[in-house]
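Chain and residue survey
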Amino acid sequence: MSIAPLDRSARTYVAGHRGLVGGAVLAHLQAEGFTDLVTATSAEVDLRDRGAVEAFFDRERPATVVLAAAKVGGILANATYPADFFSDNIRIQTNVLDAAAATGTERLLFLGSSCIYPKFAEQPIREDSLLTGLLEPTNDAYAIAKIAGVLQVQALRRQHGVHYISAMPTNLYGPGDNFNPEGSHVLPGLIRRFEAARLDGDPTVTVWGTGTPRREFLHVSDLARACVHLLENYDDGAPVNIGVGEDLPIAELAQLVADTVGYTGELVFDTTKPDGTPRKLLDVSTIHGLGWRAEIGLREGLAATVAWYREQLAAGTVRAS
Ligand SMILES: NC(=O)C1=CN([C@@H]2O[C@H](COP(=O)(O)OP(=O)(O)OC[C@H]3O[C@@H](n4cnc5c(N)ncnc54)[C@H](OP(=O)(O)O)[C@@H]3O)[C@@H](O)[C@H]2O)C=CC1
Ligand SMILES: C[C@H]1O[C@H](OP(=O)(O)OP(=O)(O)OC[C@H]2O[C@@H](n3cnc4c(=O)[nH]c(N)nc43)[C@H](O)[C@@H]2O)[C@@H](O)[C@@H](O)C1=O
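Worth saying up front: this structure is predicted, and the values here are computed from it rather than measured.

**Quick word on the site of ligand 1**
Surveying the vicinity of ligand 1 reveals 27 residues, the closest of which are Val21, Ser42, Tyr142, Lys146 and Arg319. Measuring from an oxygen atom of ligand 1, one finds a side-chain N or O atom of serine 42 at 2.7 Å. A distance of 3.3 Å separates an oxygen atom of ligand 1 from a polar atom in the backbone of leucine 111.

**Considerations on the pairing of strand 3 (residues 64-67)**
Burial along strand 3 is two-sided: the face carrying Thr64 and Val66 and the face carrying Val65 and Leu67 are both buried. In this sheet, strand 3 lies alongside strand 1 (residues 12-15) in parallel orientation, the contact comprising 4 bridges. Across the sheet, residue alanine 15 finds its bridge partner in strand 3, namely leucine 67. Summarising the sheet, strand 3 and strand 4 (residues 107-111) pair through 4 bridges and their orientation is parallel. Bridged to valine 66 within strand 4 is leucine 109.

**Here's the deal with the nonpolar core**
Core analysis: the largest hydrophobic core is formed by 69 residues, its most contacted members being Leu47, Phe57 and Ile242. Looking at this core, the element that brings in the most residues is helix 7 (residues 220-233), giving 8 residues. Setting aside its immediate chain neighbours within four residues, isoleucine 242 contacts Ala167, Met168, Pro169, Thr170, Leu218, Leu223, Ala226, Leu230, Leu282, Val284, Ile287 and Trp292. By size, the runner-up hydrophobic cluster in this structure holds 24 residues, among which are Leu190, Ile250, Leu256 and Ile296.

**Some remarks on the sheet that holds strand 1**
The 6 strands lie next to each other as 2-1-3-4-5-10, forming an open sheet whose pairing is parallel. Each of the sheet's edge strands pairs with one partner strand only, and the pair in question is strand 2 (37-38) and strand 10 (240-242). Pairing between strand 1 and strand 2: 2 bridges, direction parallel. For threonine 12, the partnering residue across the bridge sits in strand 2 and is leucine 37. Together, strand 4 and strand 5 (163-169) form the strand contacts of helix 5 (residues 140-160), whose direction differs from that of strand 5 by roughly 160 degrees. Sheet contacts for helix 7: strand 3, strand 4, strand 5 and strand 10; angle to strand 4, the most-contacted strand, approximately 140 degrees.

**Concerning the packing of aromatic side chains**
One pass over the structure, following the stated rule, counts 7 aromatic pairs. Here the aromatic rings of phenylalanine 194 and tyrosine 263 are separated by 5.6 Å at their centres, their planes lie at 55 degrees, and the arrangement is tilted. Residue phenylalanine 194 is found in helix 6 (residues 186-200), and its partner tyrosine 263 is found in the loop between helix 8 (250-261) and strand 12 (266-270); the two are separated by 69 residues along the sequence. Here the aromatic cluster, defined as three or more aromatic residues joined through ring pairs, consists of Tyr13, Phe56 and Phe57. Above the ring of phenylalanine 85, the side-chain terminus of lysine 71 is found at 5.1 Å from the ring centroid.

**Re the side chain of glutamate 127**
Looking at the element boundaries, glutamate 127 is found in the loop between strand 4 and helix 5. At a separation of 2.9 Å, a polar atom in the side chain of glutamate 127 contacts the main-chain amide nitrogen of asparagine 241. Engagement of the side chain of glutamate 127 in a polar contact is seen with the side chain of threonine 286, the distance being 3.2 Å. Beyond its immediate chain neighbours, meaning those up to four positions away, glutamate 127 contacts Tyr117, Pro239, Val240, Asn241, Asp283 and Thr286.

**Observations regarding the state of the cysteines**
Disulfide: a covalent bond formed between the sulfur atoms of two cysteine residues. By the definition in use, this model includes 0 disulfides. The cysteine cysteine 227 is free of any disulfide, with cysteine 115 supplying the nearest cysteine sulfur at 16 Å. Taking relative accessible area as the criterion, cysteine 227 reaches 1% and is therefore assigned buried.

**Concerning unusual backbone geometry**
In most cases, non-glycine residues show a negative phi, while peptide bonds are predominantly trans. Of the consecutive residues glutamine 123 and proline 124, the connecting peptide bond is found in the cis state with omega at -10 degrees. Position of proline 124 among the secondary structure elements: in the loop between strand 4 and helix 5. The phi dihedral of leucine 131 falls on the positive side, at around 65 degrees, and the residue is not glycine. Residue position: leucine 131 is located in the loop between strand 4 and helix 5.

**What to know about the confidence of the model for the protein**
Summary statistics for the protein give a mean pLDDT of 97 and a share of 99% for residues scoring 70 or more. The complex model carries a pTM of 0.98, and its ipTM stands at 0.98.

**Considerations on the packing of helix 2 (residues 50-60) against helix 4 (residues 82-102)**
In the contact formed by helix 2 and helix 4, the axes pass within 9 Å of each other and the chain directions differ by 30 degrees. Remark: the crossing between helix 2 and helix 4 carries right-handed chirality. Contacts between helix 2 and helix 4 involve Arg50, Val53 and Phe57 on the former and, on the latter, Thr94, Asn95, Val96, Asp98, Ala99 and Ala100. Class assignment for the residues of the contact of helix 2 with helix 4 results in 5 nonpolar, 2 polar and 2 charged.

What counts, and where the lines are drawn
- Residues numbered from 1 in each chain as written.
- Chains lettered and ligands numbered in written order.
- Predicted model: local features only at pLDDT ≥ 70, side-chain atom pairs only at ≥ 80, totals over all residues.
- Heavy atoms only, no water.
- Near = heavy atom within 4 Å.
- Polar contact = N/O pair within 3.5 Å; in protein donor to acceptor, adjacent residues only side chain to side chain.
- Buried < 20%, exposed > 50% of the residue type's maximum accessible area, 1.4 Å probe, protein only.
- Helix = DSSP H or I, 4+ residues; strand = E, 2+ residues; numbered from the N terminus.
- Pairing = 2+ DSSP bridges.
- Core = buried A, V, L, I, M, F, W, Y, C linked by side-chain atoms within 4.5 Å.
- Contact = heavy atoms within 4.5 Å.
- Axes fitted to C-alpha atoms, helices over the stretch in contact; angles between N-to-C directions.
- Phe/Tyr/Trp six-rings, centres within 6.5 Å; stacked < 30°, edge-to-face > 60°.
- Lys NZ or Arg CZ within 6 Å of the ring centre and 35° of its normal.
- Disulfide = S-S within 2.5 Å.
- pLDDT = per-residue confidence, 0-100.
- Left-handed = near helix turned anticlockwise from the far one by under 90°.
- Nonpolar A, V, L, I, M, F, W, Y, C, P; charged D, E, K, R; others polar.

Here it is as structure tokens:
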């Protein structure tokens, strides 16, 4: 399918620009020479409010949209607040997708997540395993909302002929992440905990679960590159996985974080916390075939993220929303 390159002078809206993904996408678009970038905080435009979204799109009429706004959290947040994860995300994505189609947005990228796939999908997980099995219960509400977004993109393509696409990133990390002790994902959660233990001289650090689940980690700068690459090289309704193509056990990740932070105490595993899905390594042959590959290795990316976190800690600006 031939697609015109993105018009760097056309109005481009990054929804969720203050988040981990949105911040990286905005920085990448600026570096790529996009000159008409539009953003709005959730206080300025609450994307759950359909009227506010319609008014925003009527006013701004973006030609391109990256939808990186969502209610996002780790396994404990998802398991604790499933109704909020479902309701917020269904409303955010429905409002943005409908308003984009109604006001002539030409290109849109919707961000889902690797958790949309069945708990026991064959590994590595191919895009066509979607809806072939039961979901992981700790995040099924969030996953169904995201699956609904994928289907809404496909429905808008069929009914209105729009060039909207969906991408399914694996677990992400990097500058701009959420370090909330309870609500964050594993990597920021462990960075925060190991750094505090190092500074306080604690003899042990608790890691949630058994440590046996495996996870794949993609640096958010790689993801930002992938988002623009897909917008310029892909135009189909099928979701596209974005990942690095390798994973590791949580126990190994925890030891890597401890070594990177310089913590030398003991790891203790709290098995009262959920493990979640045993593995969710993504098959990335589709996006590799489109000419994109991850470039930032986990050791390199983790070291840079720890350095960035320490700067935030010193400045008192650690995000823990
Ligand atoms: N982090 C990860 O590991 C992964 C993330 N993803 C997906 O990437 C996308 C971005 O995630 P991530 O960057 O990590 O999330 P963050 O929590 O870092 O950022 C989410 C952003 O969404 C905005 N937002 C949330 N609710 C609203 C609302 N009601 N109205 C307007 N804006 C809102 C927030 O804006 P504000 O700051 O102004 O409140 C925030 O900037 C999501 O779709 C997520 O599903 C997919 C796979 C993995
Ligand atoms: C991206 C993806 O992220 C979520 O899925 P997840 O990958 O299971 O999420 P997680 O990063 O929070 O946990 C990964 C593993 O790590 C273990 N673990 C150890 N210690 C900590 C810890 O301190 N914090 C957290 N959060 N987990 C820990 C934890 O027990 C689990 O086994 C989805 O809800 C959904 O949001 C989604 O799409």
